[in-house]
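Each chain is listed here by its residues.
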Amino acid sequence: LAQKYDPQKEVELRTWIESVTGQQIGPDFQKGLKDGVILCELMNKLQPNSVRKINRSAQNWHQLENLSNFIKAMATYGMNPVDLFEANDLFESGNLTQVQVSLLALAGMAKTKGLQSGVDISVKYSEKQQRNFDEAKMKAGQCVIGLQMGTNKCASQSGMTAYGTRRHLYDPKNQILPPMDHSTISLQMGTNKCASQVGMTAPGTRRHIYDAKMGTEKCDNSSMSLQMGSNQGANQSGQVFGLGRQIYDPKYCPQGSQGEVANAAGDQGGDPPGYHYYREEE
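Here goes a summary of the coordinates provided. (Residues numbered from 1 in each chain as written. Predicted model: local features only at pLDDT ≥ 70, side-chain atom pairs only at ≥ 80, totals over all residues. Heavy atoms only, no water.)

Focus on the overall build of the protein chain
At step 1: Each helix and strand in the protein chain was counted, giving eight helices and zero strands.
At step 2: Overall, the protein chain shows an N-to-C arrangement of helices and strands of α-α-α-α-α-α-α-α.
At step 3: Considering the protein chain as a whole, with its 282 residues, one finds that 21% of them fall into the buried category.
At step 4: Taking the intrachain contacts of the protein chain between residues at least 6 apart in sequence as the baseline, contacts between residues at least 24 apart amount to 40%.
At step 5: When the accessible area of the protein chain is evaluated, it comes to approximately 23200 Å², of which 51% is carbon and sulfur surface. (Helix = DSSP H or I, 4+ residues; strand = E, 2+ residues; numbered from the N terminus. Buried < 20%, exposed > 50% of the residue type's maximum accessible area, 1.4 Å probe, protein only. Contact = heavy atoms within 4.5 Å. Areas by Shrake-Rupley, 256 points an atom, 1.4 Å probe, with all protein chains shown as cover.)

Structure, rendered in structure tokens:
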């Protein structure tokens, strides 16, 4: 609350009170108004005889009585109860912000009631403007549909096409022109001219991947790329399962074709020097 206290408003209040009462508050605003004498004089200037007794004693209970009489006079003057302050707010500096708000509201009430002063401070209270209509005028108002019941004059779906049909969106401000004819399908309805699956092969068939920038040329349809698999690499062709396998070493097996080995077995005398072979026994 102390941070909401406005020193500029204090200067304006000081000038206004001194101009109305003709008395000096002093350098300290709180101490100058603490005894309640100047405030009671102010109230008597705004509304004569609103405070009948003003105590000028230095005793605390006399000063508190002056403040209480001033607050009661403000309520009688027409101030709202929420705009009033308590005596201890000013006497003990408990809530000077509320005191400032109350005095500003009092200045506004005085301006509303036509007080003329050389200081323009606060604002006028809102005045009640009561209107009385005759019975004919009141009955005429029953034929008017209020806006609380809705209206058909504002934005609605009037002129909208049926759901699912195309609609042309254009904006002259953004240089989007309206369509030339109704047979033109706008891009907002979709198009079959952009990327699609037209020309794609069935799933599982081979597809040719090539890039002209990388020097990868397109292969012909008769060639099967390695991406589809190959039968030219390692496989199980010629393998037998469950049968015996002959394991031999080139160091110990006869060299040459099978025909030469058979001829050498039939003619042992014609062996070249340094050539040995082995005959299988029955």
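What to know about the nonpolar core
At step 1: Judged by nonpolar contacts, the single largest core of 36 residues is most densely connected at Trp16, Leu33, Met43, Phe70, Met74, Leu103 and Leu106.
At step 2: When residues in this core are grouped by element, the largest group, eight residues, is from helix H6 (residues 96-112).
At step 3: Excluding anything up to four places from it in sequence, Leu33 contacts Ile17, Ile25, Ile38, Leu39, Leu67, Leu90 and Leu103. (Core = buried A, V, L, I, M, F, W, Y, C linked by side-chain atoms within 4.5 Å.)

Observations regarding empty space enclosed by the protein
At step 1: Using the criterion set out here, one finds one cavity of 30 Å³ or more in the structure.
At step 2: In this structure, the largest cavity spans a volume of roughly 50 Å³.
At step 3: Counting residues per element, the ones that place at least two in the lining of the largest cavity are helix H2 (29-34) and H6.
At step 4: The dominant element in the lining of the largest cavity, judged by the number of residues it contributes, is H6, at four residues.
At step 5: Taken together, the residues that form the lining of the largest cavity break down as seven nonpolar, two polar and no charged. (1 Å grid on protein atoms, 1.4 Å probe; cavity = no way out; pocket = protein on both sides within 12 Å on 5 of 7 lines; lining within 4 Å. Points joined across faces, edges and corners; volume = space filled by probe spheres on them. Nonpolar A, V, L, I, M, F, W, Y, C, P; charged D, E, K, R; others polar.)

Regarding the packing of aromatic side chains
At step 1: One pass over the structure, following the stated rule, counts one aromatic pair.
At step 2: On the numbers, 6.3 Å between centres and 45 degrees between planes, the contact of Phe70 with Phe85 is tilted. One end of the pair, Phe70, is in helix H4 (residues 60-77); the other, Phe85, is in the loop between H4 and helix H5 (87-91), with 15 residues separating them in the sequence.
At step 3: The class for Phe85 is buried, based on a relative accessible area of 4%.
At step 4: The ring of Phe91 carries the charged tip of Lys34 above its face, separated from the ring centre by 4.8 Å. (Phe/Tyr/Trp six-rings, centres within 6.5 Å; stacked < 30°, edge-to-face > 60°. Lys NZ or Arg CZ within 6 Å of the ring centre and 35° of its normal.)

Looking at the pattern of salt bridges
Opposite charge on two side chains permits them to pair, given that their charged atoms come into close proximity.
At step 1: A full pass over the atoms with the stated rule returns four salt bridges.
At step 2: The salt bridge partner of Glu10 is Arg14, with a shortest N-O separation of 3.6 Å. You can see Glu10 and its partner Arg14 sitting in helix H1 (residues 7-21), four residues apart, about one turn around the helix.
At step 3: The class for Arg14 is buried, based on a relative accessible area of 17%.
At step 4: Among the ionic pairs, Glu135 bridges to Lys139, the shortest N-O distance being 3.5 Å. Residue Glu135 and its partner Lys139 are located together in helix H7 (residues 135-140), separated by four residues, close to a single helical turn. (Salt bridge = Lys/Arg side-chain N within 4 Å of Asp/Glu carboxyl O.)

Here's the deal with H4
At step 1: The terminal C-alpha atoms of H4, which comprises 18 residues, lie 26 Å apart, in line with the 26 Å expected from a rise of 1.5 Å per residue.
At step 2: Every buried residue of H4 is accounted for by His62, Gln63, Asn66, Leu67, Phe70, Ile71, Ala73, Met74 and Tyr77.
At step 3: Buried residues in H4 make contact with H2, helix H3 (37-46), H5 and H6.
At step 4: After H4 finishes, the residue Gly78 shows a positive phi value of roughly 115 degrees. (Expected span 1.5 Å × (residues − 1).)

Describing H6
At step 1: Along its 17 residues, H6 runs 24 Å from first to last C-alpha, staying within 8% of the 24 Å computed at 1.5 Å per residue.
At step 2: When you tally the buried positions in H6, you get 12 out of 17 residues, the bulk of the element.
At step 3: All of the buried residues in H6 are Thr97, Val99, Gln100, Ser102, Leu103, Leu104, Ala105, Leu106, Ala107, Gly108, Met109 and Ala110.
At step 4: Two residues or fewer after H6 comes Gly114, characterised by a positive phi angle close to 95 degrees.

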